Amino acid sequence: MATTGPLRHAAEFYDAYVFDLDGTIYLGDHLLPGAARMIAELRRRGIPVRFLSNNPTKDPQMYSDKLTKLGVETSVADIANTVVTTTRWLQANHPDAVLFPIAEEPLQRALREAGFTLSEDPEEIDIVIASYDRTFDYRKLQIAFDAIWFHKRAFLITTNPDRFCPFPGGRGEPDAAAIVGAIQGCTGTELVKNLGKPDPIMLHEALANVDVEVGRSMMVGDRLQTDIQMALDGGMASACVLTGEATEADVLDRSADQQPTLLLDRIDRLIPQAAWDELGWSDTDD
Ligand SMILES: [Mg+2]
């Protein structure tokens, strides 16, 4: 085994923790080993814990409900996702735009509630929003094509850059990058903005009400191109957990300056070894 590279067990506590969800805290409908006790221990020590997800098919309330049902009681205020970042970015930058969200109900609802006009008329659409939409079809592609290419008025943004959403058992589902690809394939248009990880907008949203230095906070996730890249770009410590997408080889193949601080086979190794010993934890427990 290499003697350099990321640590396999945290050496210290950080001042705040930001967690990805899918593949990090849970996979499908099951918490990953050690997740519940690790979160409970951070909270017991009064350390801020936040969650974020690139997945725009759920809103923060749905994530709060899911985490609470799985045994990690979490308030809506502690969750940021691309439904929130997309809506806030549009409010700040394009408050009067007419939108065509290629999106499921949670994002559509958030945009309507924020007062935006949603339209399927290519002649009046200003912004096409590509997202993870399992109702995507040729009709929606034609509307996007007409608004962007034929009427030459709309531009393209996306909620998140993920190619697929991981499922238990190694399967997955095409994600927002597939919709962006379809639209770019026929229009040749540029993507103007991504509102998900690795864009730092997600980090700012997650830590908006946490009074800590970004450099003393820790980002934890299973994807190198989104979770870990955002931390590296933002000057934050990072932990890559091997319970989702990234493999050990993926991490170790990166150059030294692109590796996470920690490489963990189970997420509760975020709690330093000395604290494990005090708590009497072993790595066969959940
Ligand atoms: Mg993930």
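Here the structure is a predicted model, which means the values were calculated and not measured.

(A) Examining the overall build of the protein chain more closely. Helix and strand counts for the protein chain stand at ten helices and 15 strands. Taking 19 Å as the expected radius of gyration for a compact globule of 286 residues, we find that the protein chain reaches 20 Å, a close match to that expectation. When its C-alpha atoms are laid out on the principal axes, the protein chain stretches across 65 × 35 × 35 Å. Across the 286 residues of the protein chain, 45% fall into the buried class. A separation of at least 24 residues holds for 68% of the contacts in the protein chain among residues at least 6 apart in sequence.

(B) Region of interest: the environment of Ala206. You can see Ala206 is positioned in helix 7 (residues 201–206). Linking Ala206 and Gly234, residues 28 residues apart in sequence, is a C-alpha distance of 13 Å.

(C) Spotlight on the sheet that holds strand 8 (residues 127–130). Across the sheet, which stays open at both edges, the five strands sit in the order 7-6-8-9-12 with parallel pairing between neighbours. What marks the edges here is a single partner per strand, and that holds for strand 7 (117–118) and strand 12 (191–194). Its contacts with the sheet put helix 6 (residues 176–187) on strand 6 (98–102), strand 8, strand 9 (155–158) and strand 12, and the angle it makes with strand 8 is roughly 135°.

(D) The arrangement of the nonpolar core in detail. Judged by nonpolar contacts, the single largest core of 77 residues is most densely connected at Val18, Ile102, Val128, Ile129, Ala130 and Val220. With five residues, helix 8 (residues 224–234) is the single largest residue contributor to this core. Viewed by domain, this core spans two of them, domain 1 (16–54 + 197–279) and domain 2 (92–194), each represented by three or more residues.

(E) Region of the structure containing the pairing of strand 6. In terms of burial, strand 6 is largely enclosed, as four of its five residues are buried. Here strand 6 runs beside strand 7; their pairing, made up of two bridges, is parallel. Opposite Leu99, over in strand 7, you have Leu118 as the bridge partner. With helix 4 (residues 105–113) bridging strand 6 and the parallel strand 7, this β-α-β connection has right-handed handedness. In terms of strand pairing, strand 6 meets strand 8 through four bridges, oriented parallel. Each bridged residue has a counterpart across the sheet, and for Pro101 the counterpart in strand 8 is Ile129.

(F) A look at the domain arrangement of the protein chain. For the protein chain, the domain assignment lists domain 1 (16–54 + 197–279) and domain 2 (92–194). A straight line from the C-alpha centre of domain 1 to that of domain 2 covers 29 Å. Of the residues in the side of domain 1 that touches domain 2, the class split is one nonpolar, five polar and three charged.

(G) Fine view of the packing of helix 5 (residues 138–150) against helix 6. Interhelical geometry of helix 5 versus helix 6 gives an angle of 50° and a closest axis separation of 10 Å. Considering the angle they form, helix 5 stands oblique to helix 6. Crossing of helix 5 over helix 6 shows right-handed handedness. On helix 6, the residues touching Leu141, Ala144, Phe145, Ile148 and Trp149 of helix 5 are Ala182, Ile183, Cys186 and Thr187. Looking at the contact of helix 5 with helix 6 residue by residue, the classes come out as eight nonpolar, one polar and no charged.

About the cut-offs
Residues numbered from 1 in each chain as written. Predicted model: local features only at pLDDT ≥ 70, side-chain atom pairs only at ≥ 80, totals over all residues. Helix = DSSP H or I, 4+ residues; strand = E, 2+ residues; numbered from the N terminus. Rg over C-alpha atoms; globule rule 2.2 N^0.38 Å. Buried ≥ 20, exposed ≤ 12 C-beta atoms within 10 Å, placed from the backbone. Contact = placed C-beta atoms within 7 Å. Pairing = 2+ DSSP bridges. Axes fitted to C-alpha atoms, helices over the stretch in contact; angles between N-to-C directions. Core = buried A, V, L, I, M, F, W, Y, C linked by C-beta atoms within 7 Å. Domains from an automatic or database assignment. Right-handed = clockwise from strand over helix to strand, strands pointing away. Nonpolar A, V, L, I, M, F, W, Y, C, P; charged D, E, K, R; others polar. Parallel < 35°, antiparallel > 145°, perpendicular 65-115°, else oblique. Left-handed = near helix turned anticlockwise from the far one by under 90°.

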